[in-house]
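# Per-entry structural report
Residue strings, one per chain:
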Amino acid sequence: MERTGHLREVQEAFTRQARSFAASEVARSEQLLDALLDAARPAPGERWLDAACGPGIVTRALAGRAGQAHGIDTTEAMVQLARDAAQQAGIDNATFAVDDATRSGLADASWDGAVTRFSLHHIPVPARLLDELARVVRPGARIVVLDHLADDDAEARSWVQEVERLRDRSHWASLSPAAMTALGRRAGLTLLEHRDFSFELDFDDWLNRGSQDATAHALVEDALQARPQGTERFTVTPGPVGRTLRLRMWLGTWSRDPGNGARDRRCDDG
């Protein structure tokens with residue numbers, strides 16, 4: 001697998017936080033997992049792909065409803081966690097591999113459906129991922145994406161990206177709702193349904209999981225004091241115990257139509 005600058009940052013970040021991410025409330029949320037599965041609708045006997053699978057939480061859930069589930073991720077530490085968890089749970093129809101979800105080398109039209117969760121904001125030129133998923137699923141298959149959103153307002157969006165990158169250098173860019181829907185359209189997919197909703201998590205746990213850099217943390221705190229107007233999809237509020245981060249999540253389901261000429265773009269990470 002080719003290792004470019006940003007890909008190395010992603011691998012280093014998720015090697016460092018593999019176990020903490022696997023245990024985090026956002027990774028283990030039943031609300032988010034159920035919403036993703038309801039959108040995917042995997043059926044017995046089907047083969048499903050979990051792209052950028054992380055610790056395999058979604059892959060294992062897919063395996064419980066489908067005939068086979070396969071998770072791929074660029075970070076070996078994440079893939080090993082996923083394998084260990086599946087083995088400990090006695091799940092024998094979930095497999096995992098270290099692979100790049102944007103250029104997997106999997107066969108054309110070889111999967112009955114595909115999902116990806118919390119991956120797009122780590123990927124430069126994220127259309128590459130939708131192109132690849134459109135290529136590897138069969139005609140009529142569903143492709144489901146869950147990620148958090150950026151604001152429509154340019155100043156607010158820029159502010160959030162700065163906070164995110166200070167917290168975790170593997171972050172590339174969150175997308176607006178319009179940009180999300182455009183990804184599938186560009187890949188020749190049909191958007192079946194989509195919605196966005198709020199999700200709350202512990203802000204300090206989120207901050208510390210991304211980085212232990214005290215200087216970066218101090219800059220995040222400075223940035224929070226300069227929050228611009230128009231920032232609606234990333235808000236931090238004080239509470240009786242700690243601070244709460246509220247994110248807006250986007251869940252979209254596309255279909256690969258029969259005759260869709262999914263394009264295979266090969267671009268290197270920058």
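Definitions and limits used
Residues numbered from 1 in each chain as written. Predicted model: local features only at pLDDT ≥ 70, side-chain atom pairs only at ≥ 80, totals over all residues. Heavy atoms only, no water. 1 Å grid on protein atoms, 1.4 Å probe; cavity = no way out; pocket = protein on both sides within 12 Å on 5 of 7 lines; lining within 4 Å. Points joined across faces, edges and corners; volume = space filled by probe spheres on them. Helix = DSSP H or I, 4+ residues; strand = E, 2+ residues; numbered from the N terminus. Nonpolar A, V, L, I, M, F, W, Y, C, P; charged D, E, K, R; others polar. Salt bridge = Lys/Arg side-chain N within 4 Å of Asp/Glu carboxyl O. Buried < 20%, exposed > 50% of the residue type's maximum accessible area, 1.4 Å probe, protein only. Polar contact = N/O pair within 3.5 Å; in protein donor to acceptor, adjacent residues only side chain to side chain. Contact = heavy atoms within 4.5 Å. Expected span 1.5 Å × (residues − 1). Arc of directions from axis to C-beta. Phe/Tyr/Trp six-rings, centres within 6.5 Å; stacked < 30°, edge-to-face > 60°. Lys NZ or Arg CZ within 6 Å of the ring centre and 35° of its normal.

Below, the discussion takes up the layout of surface pockets. Size it by volume and the largest pocket reaches roughly 180 Å³. Lining the largest pocket are 14 residues, with Arg16, Asp168, Arg169, Gly210 and Ser211 positioned closest to its centre. For the lining of the largest pocket, the element with the most residues is helix α1 (residues 5–16), which contributes 4 residues. Taken together, the residues of the lining of the largest pocket break down into 3 nonpolar, 3 polar and 8 charged.

What follows is about the pattern of salt bridges. Enumeration according to the criterion identifies 13 salt bridges in this entry. For Asp196, the salt bridge identified is with Arg248, shortest N-O distance 2.4 Å. On the criterion of sequence distance, the pair formed by Asp196 in strand β6 (residues 190–202) and Arg248 in strand β8 (residues 243–255) is long-range, its members being 52 residues apart. Ionic pairing is found between Glu200 and Arg246, a salt bridge with its closest N-O pair at 2.5 Å. Residue Glu200 is located in strand β6, and its partner Arg246 is located in strand β8; the two are separated by 46 residues in the primary sequence. The class for Glu200 is partly exposed, based on a relative accessible area of 42%. Overlapping salt bridges bring together Glu46, Asp112 and Arg138 as one network.

What follows is about empty space enclosed by the protein. The final tally for this structure, using the stated rule, is 2 cavities of 30 Å³ or more. Estimates place the volume of the largest cavity at around 630 Å³. Every residue lining the largest cavity is counted, 41 residues in all, and those nearest its centre are Phe14, Arg117, Phe118, Ser119 and His122. Secondary structure elements with two or more residues in the lining of the largest cavity: α1, α5 (57–63), α8 (154–167), α10 (203–210) and β8. Classifying every residue of the lining of the largest cavity gives 20 nonpolar, 11 polar and 10 charged.

The subject of this paragraph is unusual backbone geometry. Notably, Ala52 is not glycine yet its phi reads approximately 60°, a positive angle. One can find Ala52 in the loop between β1 (47–51) and α5. Ala52 gets classed as partly exposed once you look at its relative accessible area, which sits at 25%. Phi is positive for Val125, which is not a glycine, with a value near 50°. Positionally, Val125 belongs in the loop between β4 (111–117) and α7 (127–136).

Positionally, Arg233 belongs in the loop between α11 (214–225) and β7 (234–238). Of the residues examined, Arg233 reaches a relative accessible area of 13% and is grouped as buried. Engagement of the side chain of Arg233 in a polar contact is seen with the backbone oxygen of Ala150, the distance being 3.5 Å. A polar contact of 3.3 Å, which involves the side chain of Arg233, links it to the side chain of Asp152.

With that settled, the discussion passes to the environment of Pro126. In this structure, Pro126 sits in the loop between β4 and α7. For the pair Pro126 and Leu175, spaced 49 residues apart in the sequence, the C-alpha separation amounts to 9.4 Å. Dropping the residues within four chain positions of it, Pro126 is found in contact with Leu120, Leu175 and Leu183.

End to end, helix α6 (residues 76–88) covers 18 Å across 13 residues, agreeing with the expected 18 Å (1.5 Å per residue, within 8%). Taken as a whole, α6 has its buried residues at Met78, Val79, Leu81, Ala82 and Ala86. The buried residues of α6 occupy one face: seen down the axis, they fall within an arc of 160°. When the buried face of α6 is taken as reference, the exposed residues oriented beyond 90 degrees from it are Glu76, Gln87 and Gln88. Where α6 is buried, its residues meet α1, α2 (18–23), α5, β2 (68–73) and β3 (94–98). Just downstream of α6 lies Gly90, where phi reads positive at about 70°.

It is worth spelling out the packing of aromatic side chains at this point. Describing an aromatic ring pair means giving the distance of the ring centres and the angle of the ring planes. One pass over the structure, following the stated rule, counts 5 aromatic pairs. On the basis of an interplanar angle of 80° and a centroid distance of 5.9 Å, the ring pair of Trp159 and Phe234 is categorised as edge-to-face. Of the two residues, Trp159 is situated in helix α8 and Phe234 in strand β7; the sequence distance between them amounts to 75 residues. Neither residue differs from the other here; Trp159 and Phe234 are each classed as buried. Their ring planes at 65° and their centres at 5.7 Å tell us that Trp206 and Phe234 sit as a pair that is edge-to-face. Within this pair, whereas Trp206 is found in helix α10, its partner Phe234 is found in strand β7, the two being separated by 28 residues in sequence. The exposure classification of Trp206 matches that of Phe234, with both residues buried. Pairwise contacts between aromatic rings join Trp159, Phe203, Trp206 and Phe234 into one cluster. The positively charged end of Arg47 is found above the aromatic ring belonging to Trp111, 4.0 Å away from the centroid.

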